[in-house]
Amino acid sequence: MCNKMLFIDGHCDTLSKALDENKKLDINDLQFSFQMADEIGGGIQIMACFIEPTYLKEKNGGFIRCNEIIKKINEYEEKNNKKIIIKNKKDLQNAIINNKTKVILSVENGSAISGNIKNIEFLYNKGIRIMSLTWNEDNDIACGAHTKNDRGLTCFGIEYIKKLVECNILIDVSHLSEKSFWDVVNLVNVPIVATHSNVYNICKNPRNLKDNQIKAIANSGGIIGICFYSEFLNSNSKANIKDIIKHIKYIKDLVGIDYIGLGSDFDGMSINETAEDAKNINELVNVIKELKKEGFSEEEINKIMKNNWLRVLNNLFI
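Presented here is an overview of the structure given in this document. (Residues numbered from 1 in each chain as written. Predicted model: local features only at pLDDT ≥ 70, side-chain atom pairs only at ≥ 80, totals over all residues. Heavy atoms only, no water.)

With respect to the overall build of the protein
Then, number 1: When its secondary structure is counted, the protein shows 12 helices and 8 strands.
Then, number 2: Relative to its length of 318 residues, the protein is compact, with a C-alpha radius of gyration of 18 Å against a globular reference of 20 Å.
Then, number 3: With the principal axes as the frame, the protein shows a C-alpha extent of 50 × 45 × 40 Å.
Then, number 4: Going through the 318 residues of the protein one by one, you find that 57% of them count as buried.
Then, number 5: A fraction of 72% describes how many contacts in the protein between residues 6 or more apart in sequence connect residues 24 or more apart.
Then, number 6: Only carbon and sulfur atoms are counted for the fraction: they give 46% of the accessible area of the protein, which is about 13000 Å².
Then, number 7: Charged side chains in the protein number 41 positive and 42 negative. The centres of these two groups are separated by 3 Å. (Helix = DSSP H or I, 4+ residues; strand = E, 2+ residues; numbered from the N terminus. Rg over C-alpha atoms; globule rule 2.2 N^0.38 Å. Buried < 20%, exposed > 50% of the residue type's maximum accessible area, 1.4 Å probe, protein only. Contact = heavy atoms within 4.5 Å. Areas by Shrake-Rupley, 256 points an atom, 1.4 Å probe, with all protein chains shown as cover. Lys, Arg positive; Asp, Glu negative; His and termini not counted. Charge placed at Lys NZ, Arg CZ, Asp CG, Glu CD.)

Observations concerning helix H11 (residues 284-293)
Then, number 1: Three or more residues of H11 are buried, namely Leu284, Val287, Ile288, Glu290 and Leu291. Along the long axis of H11, the arc covered by the buried residues comes to 165°, so they all point the same way. Opposite the buried face of H11, at more than 90 degrees from it, the exposed residues are Lys289, Lys292 and Lys293.
Then, number 2: Where the residues of H11 are buried, they touch strand E1 (7-12), helix H10 (241-255), strand E8 (260-262) and helix H12 (298-316).
Then, number 3: Positive phi shows up at Gly295, right after H11, with a value of about 90°. (Arc of directions from axis to C-beta.)

Here we look at the pattern of salt bridges
Then, number 1: Tallying each qualifying case throughout the model produces 14 salt bridges.
Then, number 2: Measuring nitrogen to oxygen at the nearest pair gives 3.5 Å for the salt bridge that ties Glu276 to Lys279.
Then, number 3: Relative accessible area serves as the criterion here: at 33%, Glu276 is assigned to the partly exposed category.
Then, number 4: With relative accessibility at 17%, the residue Lys279 sits in the buried group. (Salt bridge = Lys/Arg side-chain N within 4 Å of Asp/Glu carboxyl O.)

Quick word on the packing of helix H7 (residues 178-187) against helix H8 (residues 211-220)
Then, number 1: Look at H7 against H8: their axes get within 11 Å of each other, and the N-to-C directions meet at 25°. Between H7 and H8, the angle is such that the two are roughly parallel. Handedness of the H7/H8 crossing: left-handed. Only Asn212, Gln213, Ala216 and Ile217 of H8 make contact with H7, whose side of the interface consists of Glu178, Phe181, Trp182 and Val185. (Axes fitted to C-alpha atoms, helices over the stretch in contact; angles between N-to-C directions. Parallel < 35°, antiparallel > 145°, perpendicular 65-115°, else oblique. Left-handed = near helix turned anticlockwise from the far one by under 90°.)

Topic: the side chain of Asn136
Then, number 1: Tracing the backbone through its elements, the reader meets Asn136 in the loop between strand E4 (128-132) and helix H6 (155-166).
Then, number 2: Using a relative accessible area of 9% as the deciding quantity, one classes Asn136 as buried.
Then, number 3: Residues in contact with Asn136, not counting those within four places in the same chain, are Gly144, Ala145, His146, Thr147, His175 and Arg207.

So, the nonpolar core
Across soluble globular proteins, nonpolar side chains show a tendency to be buried alongside one another.
Then, number 1: Within the largest apolar cluster, 86 residues are counted, with the highest numbers of intra-cluster contacts made by Ile73, Leu123, Met131, Leu133, Tyr160 and Val184.
Then, number 2: Per element, the largest residue contribution to this core is 6 residues, and it comes from helix H3 (residues 61-80).
Then, number 3: Sequence-distant contacts of Ile73, that is, excluding residues within four places in its chain, are made with Leu15, Leu25, Phe34, Met47, Ile84, Ile85 and Leu105.
Then, number 4: The next biggest cluster of nonpolar side chains, apart from the first, holds 19 residues, and it includes Ile8, Ile104, Ile130 and Leu313. (Core = buried A, V, L, I, M, F, W, Y, C linked by side-chain atoms within 4.5 Å.)

Digging into the side chain of Ser16
Then, number 1: If you trace the backbone, Ser16 turns up in helix H1 (residues 14-20).
Then, number 2: In this structure Ser16 comes out as buried when scored by relative accessible area, which is 5%.
Then, number 3: Not counting the four nearest positions on each side in its chain, Ser16 is found in contact with Ala48, Cys49, Phe50, Arg65 and Ile69.

Listed below in structure tokens is the structure:
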């Protein structure tokens with residue numbers, strides 16, 4: 001299989017930011033742009049429809065917000081007269097042999113369905129292929145990483161998870177509380193992913209994953225996307241690219257190289273909050289250089305940069 005693309009990145013918030021700030025997706029004033037991504041060789045960017053809790057105050061607010069975000073990328077497609085959203089196996093295969101960046105749509109915060117299970121199928125038909133359950137706070141599905149009373153999945157949350165499996169939507173466990181995480185693991189027999197999470201034993205942030213959680217994701221056949229947010233990388237000081245490699249090395253030593261990918265979280269944080277030398281999409285080349293310096297083989301680097309994500313996505317798309 002010819003594999004020309006440089007990267008697959010598991011998470012960015014560029015769509016939400018571009019919508020809110022009325023910015024174009026192909027101009028280089030965000031941490032991700034199609035122009036920058038294509039310049040380094042292209043790839044697949046998983047782009048989140050992020051539902052901030054503030055949108056949940058209105059009836060159906062999460063669902064309305066999600067569709068507004070999807071409309072942003074649809075308008076980009078129409079304006080440029082090109083199809084960039086990957087929806088099926090054929091789209092994925094075409095993306096692999098192209099050096100033009102394509103997109104997989106995800107949802108960050110299951111409140112995007114506004115409490116209506118039928119909206120999962122609606123969003124699937126719009127192109128959503130990956131969905132998380134919560135953001136940091138609790139919702140009607142599960143408890144978030146910052147919960148004060150970890151009750152795990154709700155009854156509605158169990159229904160939500162079963163519907164994701166039925167619709168062949170990849171389950172993202174980033175932002176979940178520990179009990180919610182294990183409730184998901186014990187409920188399903190499919191690969192699960194943490195699109196943008198790091199190692200708790202290196203940086204003790206509640207958003208990071210403990211060793212047994214990392215092992216559970218690996219055992220499922222899933223993947224962990226390493227996040228470039230400084231507060232998830234280093235507890236003591238501003239993070240740099242060496243901290244990113246430190247988290248990669250830890251997971252490699254714990255469960256093996258096959259379960260590590262990228263999950264930058266570009267445009268979900270400010271430039272100042274991002275690890276030094278990895279502040280936007282075109283600085284992914286710096287990650288490659290650092291991995292080489294640290295003795296990673298070409299095969300291992302390709303797995304981290306794209307092939308591990310590709311394995312998971314190949315099993316997802318039909």
